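Okay, here's what each chain looks like letter by letter:
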Amino acid sequence: MAIFDDELIKLKEKILEMGALVENSIKDSIKSLIEKDNELAKEVIQRDHIVNAFDVEIDEECIRLIAQRQPKAGDLRFIVTAMKIINDMERMGDLAANIAERALELNKEPNIKPYIDIPRMRDIAHGMTRDALDAFVNKDKRLAMDVIMRDDEIDDLKHAVISELLYLMLEDPNIICRAMRITFIAQYLERFADHATNIAEMVIYLVEGKIIRHTTMPE
Amino acid sequence: MEDIRRRIRYNKFWNYIFMIAGLTATFVGLFLLAVLFIDLFIDGSERLTYKFLTSFPSRFPAEAGILSAWVGSFLLLFVTALSAIPLGVAAGIYLEEYAQKNWLTNIIEINIANLAGVPSIVYGLLALGLFVYFFEFGESILTGGLTLALLILPMVIMATREAIRAIPNSMREASYALGATKWQTVHWHIFPYSLGGILTGIIIGLSRAIGETAPIITVGALTFIAFLPTPPITSEFPFISFKWLMDPFTVMPIQMFNWVSRPQVEFQINAAAAGIILMIMTLIMNGIAIHIRYKFRKKIKW
Amino acid sequence: MVNENKKAEVKNLNFYYGSNLTLKNVNLSIIEKKVTALIGPSGCGKTTFLRCFNRMHDLYPHNRYEGEIILLPENVNIISSAIDPIEVRMRISMVFQKPNPFPKTIFENVAYGMRVRGINNKSILYETVEKSLRSAALWDEVKDRIDKPAFDLSGGQQQRLCIARALATTPEILLFDEPTSALDPIATSKIEELIVELKNEVTIIIVTHNMQQAARVSEHTAFMYIGEIIEYGKTDRIFTTPSEKLTEDYITGRFG
């Protein structure tokens, strides 16, 4: 029915709005750390409330569509995908807020060292998110698979950051608090990227009808 | 709103006019019928006695009765029924259920309908040539019965076909889907469900036959019969005799016509009395037909 | 997993009404003791296809079959002209779209199939009638009035009576031609429940224009369009990930 098609389009738009918020949050949260911008950090924390509101709103809309439109085939997969990826995005919003909270704490003291790997991790995570959402919009299987591959990169970066910080902590115990906070930020970024990977896996389900979570990729 | 009300008043007015017209037409018909019957009754009721029903005709009006006439009518109807019913019903069933629907069966259907409209005297002529002379049945009850059978055969066939057509096809499909043959379907479903319509058609046919005069005269029914046909039950072996089929006979309408043609007023009264009897017989038969249709319609509602 | 035996195999079935080819090159397997649904827009040939299984087309002129419908396990082609249609109908029963009980008693309706087979023994008839009415989930509602007219029953009950009537002859395949399209939702759901239970006893093929119904009751679904099978497969796959775009469009309501 035409009205159902309209509803699906509106649903997609809302998901993308939520995605944009989350993409911006991860950028802004790291920015607030690097530029020591406490106002920005507070804004990111506030923004998470909006992300959570989107989660609830889109979830309820999906349930209503299931009840009233009895979606089948492609429409069904789309709605199932929608419900799952907003879960991931809600967690991503939380993670960005967590980073902002750590930034507020770290901004009170001088930096241990210049931030190099953290911004790189941010770039990868942000890129994965943007591409996963693009793949969702365009039903682009290749892009989704590409995103899944990049998860390893960010995992490696996280290990590098943590190793380096450990070494620094052993040398100078005074920096331990700051170093721990930066470790957390690295963890949050890595988990952020994991959620982007989940979104990409759901896009594969959307396109092919195959659930590939928890399997190793053959290609 | 006022326009609508005016229009409604206008429509209702014409509704009222038509209702009056219809009622009038109905009552005119009923009224004339009532007048006829009352007139008949006034004229003839004094002669409605047991003696009237059990006496033979005579030159003396007071002595004359309709015994031979109503026995003749009865036996004739008996032969008619026995010949027309099996033949007509079987033909109707065959044409509806067994025959292929092509140009030939269409022509047959049209012709059967035409036969129902052929003037009855033509049947009389046919019967004269065929039964009286060719088969040499003579001027007998058998001939009279077969003649009337020919007359009502188209009606029986058409009534059977209409009754069968009223059966929805879903019944047939249900029967066949359970593995029934055509005969089983006809025997268990088609025939029982159409029985109401068939019986109604038969009785209407018979009630027409009872009043037929022209063909009977043509095949030689006599007008003055002072004897009854040979009784069917005899005292010697084989105890059943068919000789009565070949006996001469008369029927009620002929007896009435005979009396009406005589100058004496008393014979007119006799004729009226016979007319009452004939009407009663017809009304009873039609009443039975209506009752049967009512009973079957209650049982089977499509 | 449960053994999936085939009950019937349709091979290159073509069906002609006069010179019109109304079923084109139909190939399909019917799995034993499962429900196979036939869906598709009006005029796609699903009812025509269904009626091939019990040779209903033989009742009317100008119909012609080509190809085979092989009944297993004996491997006999039931649409061959060498096989008597009556024999086929003795093994394959049908329930129609509009309930069509005979204008007889409930008992006589269910017993008819057996009378046709020459079984007239009262006690056998009573036993079979009760068993069939129980299988059709109707016994409790009518056990006190099986000598009353079938027409007194409600629409849903009449349809269940027709199902009992079809079951009384222990058919190998039971064909349903849009069995609930004339019924209200509650009667419909009772019959769907019944179908889901019945498949333990008999193989079922159901034609339905209601996709939800096909999704609810069947294990396998075939989508037909203009006389051809467009797609055939397990119901859950057809309704989540159909292979053909035409199937997807029909199922999501974009046409038909």
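The structure we're discussing is the one just above.
Values in this document were obtained by computation on a predicted structure and should not be read as measured data. (Residues numbered from 1 in each chain as written. Chains lettered and ligands numbered in written order. Predicted model: local features only at pLDDT ≥ 70, side-chain atom pairs only at ≥ 80, totals over all residues. Heavy atoms only, no water.)

Caption draft 1: The arrangement of the arrangement of the chains in detail. Sorting the two pairs of chains in contact by contact count puts chains B and C at the top. The two units chain A and chain B remain apart, with a minimum C-alpha distance of 35 Å. (Contact = heavy atoms within 4.5 Å.)

Caption draft 2: Fine view of the pattern of salt bridges. Scanning all chains against the criterion turns up 47 salt bridges over all chains. Across the salt bridge formed by B:Glu109 and B:Arg165, the nearest N and O atoms sit 2.7 Å from each other. Of this pair, B:Glu109 sits in helix H4 (residues 103–115) while B:Arg165 sits in helix H6 (residues 141–165), and the two are 56 residues apart along the sequence. Under the relative-accessibility criterion, B:Arg165 is labelled partly exposed at 37%. Linking C:Lys143 and C:Asp140 is a salt bridge whose minimum nitrogen-to-oxygen distance equals 3.5 Å. On the basis of relative accessible area, C:Asp140 is assigned to the exposed category, the value being 59%. (Salt bridge = Lys/Arg side-chain N within 4 Å of Asp/Glu carboxyl O. Helix = DSSP H or I, 4+ residues; strand = E, 2+ residues; numbered from the N terminus. Buried < 20%, exposed > 50% of the residue type's maximum accessible area, 1.4 Å probe, protein only.)

Caption draft 3: Local environment of helix H10 (residues 252–260) of chain B. Burial in H10(B) covers these residues: B:Met252, B:Pro253, B:Ile254, B:Gln255, B:Asn258 and B:Trp259. Where the residues of H10(B) are buried, they touch helix H2 (50–54), helix H3 (67–98), helix H9 (214–218) and helix H11 (265–299) of chain B.

Caption draft 4: Main features of the sheet that holds strand S5 (residues 76–77) of chain C. Residues and elements named next belong to chain C. If you trace the four strands from one edge of the open sheet to the other, you get S2-S1-S4-S5, paired in antiparallel fashion. Each end of this open sheet is capped by a strand with a single partner; those strands are strand S2 (20–31) and S5. The pairing of strand S4 (residues 63–71) with S5 spans two bridges and is classified as antiparallel. Each bridged residue has a counterpart across the sheet, and for Ile70 the counterpart in S5 is Asn77. (Pairing = 2+ DSSP bridges.)

Caption draft 5: Region of interest: the packing of aromatic side chains. Using the criterion set out here, one finds 19 aromatic pairs over all chains in the structure. With a centroid separation of 5.7 Å and an interplanar angle of 10°, the aromatic rings of A:Phe78 and A:Phe136 are classed as stacked. You can see A:Phe78 sitting in helix H3 (residues 73–106) and its partner A:Phe136 sitting in helix H4 (residues 117–138), a full 58 residues away along the chain. With respect to burial, A:Phe78 and A:Phe136 carry one shared label: buried. With a centroid separation of 5.7 Å and an interplanar angle of 25°, the aromatic rings of B:Phe135 and B:Phe137 are classed as stacked. (Phe/Tyr/Trp six-rings, centres within 6.5 Å; stacked < 30°, edge-to-face > 60°.)

Caption draft 6: Main features of the pairing of strand S10 (residues 228–234) of chain C. Residues and elements named next belong to chain C. In this sheet, S10 lies alongside strand S9 (residues 220–225) in antiparallel orientation, the contact comprising six bridges. Along S10, the bridge assignment pairs His220 with Lys234. Here S9 hands over to S10 after two residues, with Ile226 in that stretch at a positive phi of 45°.

Caption draft 7: Focus on the nonpolar core. Within the largest apolar cluster, 68 residues are counted, with the highest numbers of intra-cluster contacts made by B:Ile66, B:Leu76, B:Ile141, B:Leu206, B:Ile216, B:Trp259 and C:Phe102. Only H3, helix H5 (120–134), H6, helix H7 (169–177), helix H8 (182–209), H10 and H11 of chain B together with helix H3 (106–116) of chain C provide two or more residues apiece to this core. The contact partners of B:Trp259, leaving out residues within four places of it in the chain, are B:Phe52, B:Pro57, B:Ala64, B:Gly65, B:Ile66, B:Phe267, B:Gln268, B:Asn270, B:Ala271 and B:Ala274. Judged by nonpolar contacts, the second largest core, of 62 residues, contains A:Ile30, A:Leu33, A:Met128 and A:Met145. (Core = buried A, V, L, I, M, F, W, Y, C linked by side-chain atoms within 4.5 Å.)

Caption draft 8: Looking closely at the interface of chain B and chain C. Contact with chain B, which involves 20 residues of that partner, is made by 25 residues of chain C. For the pair chain B and chain C, the two sides together bury roughly 1,900 Å², of which 65% comes from carbon and sulfur. A per-residue breakdown of the area chain B buries against chain C is headed by B:Glu173, B:Leu178 and B:Trp188, which together make up 34% of the total. Taken together, the links from chain B to chain C amount to one salt bridge. Residue B:Glu173 is joined to C:Arg51 by a salt bridge in which the shortest nitrogen-to-oxygen separation is 2.6 Å. Across the contact surface, chain B and chain C share nine residue pairs in polar contact (both at pLDDT 80 or more). (Buried area = accessible area lost by both parts, 1.4 Å probe. Polar contact = N/O pair within 3.5 Å; in protein donor to acceptor, adjacent residues only side chain to side chain.)

Caption draft 9: Main features of the packing of H3(B) against H8(B). Residues and elements named next belong to chain B. Taken N-terminus to C-terminus, the directions of H3 and H8 make an angle of 135°; their axes are 9 Å apart at the nearest point. Taken together, the axes of H3 and H8 lie oblique to each other. Judged by the twist between their axes, the crossing of H3 over H8 is right-handed. Residue-level contacts link Leu77, Thr80, Ala81, Ile85, Val89, Ile93, Glu97 and Tyr98 of H3 to Lys182, Trp183, Val186, Ile190, Phe191, Ile198, Ile202, Leu206 and Ala209 of H8. Here the residues of the contact of H3 with H8 are counted per class, giving 14 nonpolar, one polar and two charged. (Axes fitted to C-alpha atoms, helices over the stretch in contact; angles between N-to-C directions. Parallel < 35°, antiparallel > 145°, perpendicular 65-115°, else oblique. Left-handed = near helix turned anticlockwise from the far one by under 90°. Nonpolar A, V, L, I, M, F, W, Y, C, P; charged D, E, K, R; others polar.)

Caption draft 10: Representation of the interface of chain C and chain A within the structure. Contact residues are listed per partner, giving eleven residues for chain C and twelve residues for chain A. When the two sides are added together, the surface that chain C and chain A hide from each other amounts to roughly 880 Å², 45% of it contributed by carbon and sulfur. Counting the surface chain C buries against chain A, the share from its top three residues, C:Gln212, C:Thr240 and C:Arg254, is 46%. Seen at the junction of chain C and chain A, the total is two salt bridges. A:Asp5 is the partner of C:Arg254 in a salt bridge, and the nearest nitrogen-oxygen pair spans 2.3 Å. Applying the counting rule to chain C against chain A returns six residue pairs in polar contact (both at pLDDT 80 or more). Listing elements by their share of the side of chain C that touches chain A, those giving two or more residues are helix H8 (211–217), helix H9 (235–240) and helix H10 (245–251) of chain C. Taken together, the residues that form the side of chain C that touches chain A break down as four nonpolar, five polar and two charged.

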